[in-house]
Amino acid sequence: MISNNSSVRKAVIPAAGLGTRFLPATKAMPKEMLPVVDKPAIQYVVEEAVNVGLNDILMITGRNKRALEDHFDRVPALEATLEEKGDTGKLESVQSASNLGDIHYVRQGDPKGLGHAVLRAKQHVGNEPFAVLLGDDLIDPRDDLLSVMMDVQARTGGSVVALIEVEPDQISAYGCADVVPSGEDGYVRINELVEKPSLEEAPSNLALIGRYVLHPAVFDVLEHTEPGRGDEIQLTDALQVLAAGEGEGSGVYGVVFRGRRYDTGDKLSYLKACVELACDSEDLGPGLRAWLPGFANGLDK
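Residues numbered from 1 in each chain as written. Predicted model: local features only at pLDDT ≥ 70, side-chain atom pairs only at ≥ 80, totals over all residues. Heavy atoms only, no water.

1. With respect to the nonpolar core
Our working rule: By convention a nonpolar core is built from buried Ala, Val, Leu, Ile, Met, Phe, Trp, Tyr and Cys residues, the set being connected through side-chain atoms within 4.5 Å. Here the term buried applies to any residue with accessible area under 20% of the maximum for its type, exposed to any over 50%, and partly exposed to those in between, with areas from a 1.4 Å probe on protein chains only. Strands are runs of DSSP state E lasting at least two residues, helices are runs of H or I lasting at least four, and both sets are numbered from the N terminus onward. Contact criterion: two residues are considered in contact whenever any of their non-hydrogen atoms come within 4.5 Å of each other.
Core analysis: the biggest nonpolar cluster contains 53 residues, and Val46 and Leu54 have the highest contact counts within it. Of the residues forming this core, the biggest block, seven residues, is contributed by helix α1 (residues 41-51). Leaving out residues up to four positions away in the same chain, Val46 has contacts with Ile13, Ile57, Met59, Phe72, Leu100 and Ile103.

2. What to know about the layout of surface pockets
Filter applied, for reference: Of the grid points, spaced at 1 Å and generated over the protein atoms alone, those admitting a 1.4 Å probe that cannot get out make up cavities, while open sets with protein on both sides within 12 Å along at least five of seven lines make up pockets; any residue with an atom within 4 Å of a point is treated as lining. Grid points are joined across faces, edges and corners, and a volume is the space filled by probe spheres set on the points. Basically, the charged four are Asp, Glu, Lys and Arg, the nonpolar ten are Ala, Val, Leu, Ile, Met, Phe, Trp, Tyr, Cys and Pro, and anything else, Gly included, counts as polar.
In this structure, the second largest pocket occupies an estimated 850 Å³ of space. At five residues, α1 tops the list of elements feeding residues into the lining of the second largest pocket. The residue inventory of the lining of the second largest pocket, partitioned by class, reads 15 nonpolar, seven polar and 13 charged.

3. Describing empty space enclosed by the protein
Here the structure, examined in full by the defined rule, presents one cavity of 30 Å³ or more. Approximately 70 Å³ is the volume attributed to the largest cavity. Lining the largest cavity are Phe22, Lys31, Glu32, Leu34, Ala41, Gly135, Asp136, Thr264, Gly265 and Tyr270. When its residues are assigned to classes, the lining of the largest cavity shows four nonpolar, three polar and three charged.

4. A word on a nonpolar patch on the surface
Note the threshold: Patch definition: residues above 30% relative accessible area lacking any salt bridge, with like charges linked at up to 9 Å and the nonpolar side chains Val, Leu, Ile, Met, Phe, Trp and Tyr linked at up to 5 Å. For accessible areas, the Shrake-Rupley method is used with a probe of radius 1.4 Å. Any residue's cover is judged against the shown protein chains and nothing else. Take a side-chain nitrogen of Lys or Arg and a carboxyl oxygen of Asp or Glu: if they are within 4 Å of each other, that pair is a salt bridge.
Residues Trp291, Phe295 and Leu299 make up a contiguous nonpolar surface patch of about 350 Å² in total accessible area. Inspection of the secondary structure puts Trp291 in helix α11 (residues 285-298).

5. Re helix α10 (residues 267-280)
The test is simple: Each residue after the first adds 1.5 Å to the expected span of a helix. For the purposes of these results, a polar contact is taken to be a pair of N or O atoms within 3.5 Å, where, inside protein, one atom must be able to donate a hydrogen and its partner to accept one; residues adjacent in sequence count only when each atom of the pair is a side-chain atom.
With 14 residues, α10 ought to run about 20 Å at 1.5 Å a step, and its terminal C-alpha atoms sit 20 Å apart, in line with that. Three or more residues of α10 are buried, namely Tyr270, Ala273, Cys274, Leu277, Ala278 and Cys279. At its buried positions, α10 is contacted by β2 (35-36), α1, β13 (261-263) and α11. A distance of 3.2 Å separates the backbone nitrogen of Leu268 from a side-chain oxygen at the start of α10, and that oxygen is part of Asp266.

6. Things to note about the side chain of Asp143
In this fold, Asp143 is placed in the loop between β7 (137-139) and α7 (146-156). Engagement of the side chain of Asp143 in a polar contact is seen with the backbone nitrogen of Arg260, the distance being 2.7 Å. Residues in contact with Asp143, not counting those within four places in the same chain, are Phe257, Gly259 and Arg260.

7. Observations concerning the environment of Ser281
As for its position among the elements, Ser281 is in the loop between α10 and α11. Ser281 gets classed as buried once you look at its relative accessible area, which sits at 17%. In this structure the C-alpha to C-alpha distance between Ser281 and Val37, which are 244 residues apart in sequence, comes to 9.0 Å. At 2.8 Å, the side chain of Ser281 forms a polar contact with the backbone oxygen of Ala278.

8. Considerations on the pairing of strand β12 (residues 252-256)
Stated formally: If DSSP finds at least two bridges between two strands, the strands pair.
Within β12, four of the five residues are buried, which leaves the element mostly enclosed by the surrounding structure. Of the pairings in the sheet, the one linking strand β8 (residues 159-165) to β12 comprises five bridges and is parallel in character. Bridging across to β12, Leu163 finds its partner in Val256. With two bridges joining them, strand β10 (residues 188-195) and β12 adopt antiparallel strand pairing. Bridge pairing links Arg189 to Tyr253 in β12.

9. Quick look at the pattern of salt bridges
The final tally for this structure, using the stated rule, is 18 salt bridges. Measuring nitrogen to oxygen at the nearest pair gives 2.7 Å for the salt bridge that ties Arg211 to Glu48. Residue Arg211 is found in strand β11 (residues 206-214), and its partner Glu48 is found in helix α1; the two are separated by 163 residues along the sequence. Each member of the pair, Arg211 as well as Glu48, is classed as buried.

Following this line, the structure appears as structure tokens:
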């Protein structure tokens, strides 16, 4: 769905993490390149941005991330071979990755956290609102989220985060939001954000997931944000300053997402994502759905 909101034109995709939870698979391959069915996880994220009209994309990378650039680049020799064989299906799939949008790259350098990674985008973004998409969260393309967030940002003039409801005992794995009604349909106002609180400290069961539409005022805040939890510069801490502030760029709002989301940052959730998306695919779906019930029944024996 292409949004009619033209104020957000650029997307930032932080992709500098080491992917230690997936070792040894990520020893020599970026975690963002792990396949989800037949595409690397990062491609789903780029496609999501492009589908709402964000064709100017900046990836924040680190060492050993060259495969990301290679994946979205042309491979003339491979394309020529596929064309000679008449394999148009595979040729189109290879070319689609390099034709998605105008993709730029900058290195994070020191691994100082998500806030620091977002700050590295300041020069490219300039003085305009922008989207941030984290690669660990895949949003089903049939569900609108980013376009809704962009519209809320245009209506409020502040920053917007995506929220999901989680079981209270899971909230310590997320940033958590204390919210109040905004007086408008479709979004809430953020009172407070807490990074990975304990169950006792959590103000709600509303958890932040990896989608943001941010006012450029966040850059000035990040430049003065001291390292927080994990001795990293936390984006959550900067958003808390904006939530409590006044003037241009202040105010943080939340869109509660109830659609299909796949967490590829966790091994079990990654496997579930692969199965769910494969079941939904036109080519693999029928065979996989027919096989799964018998396999599941055999697990009880």
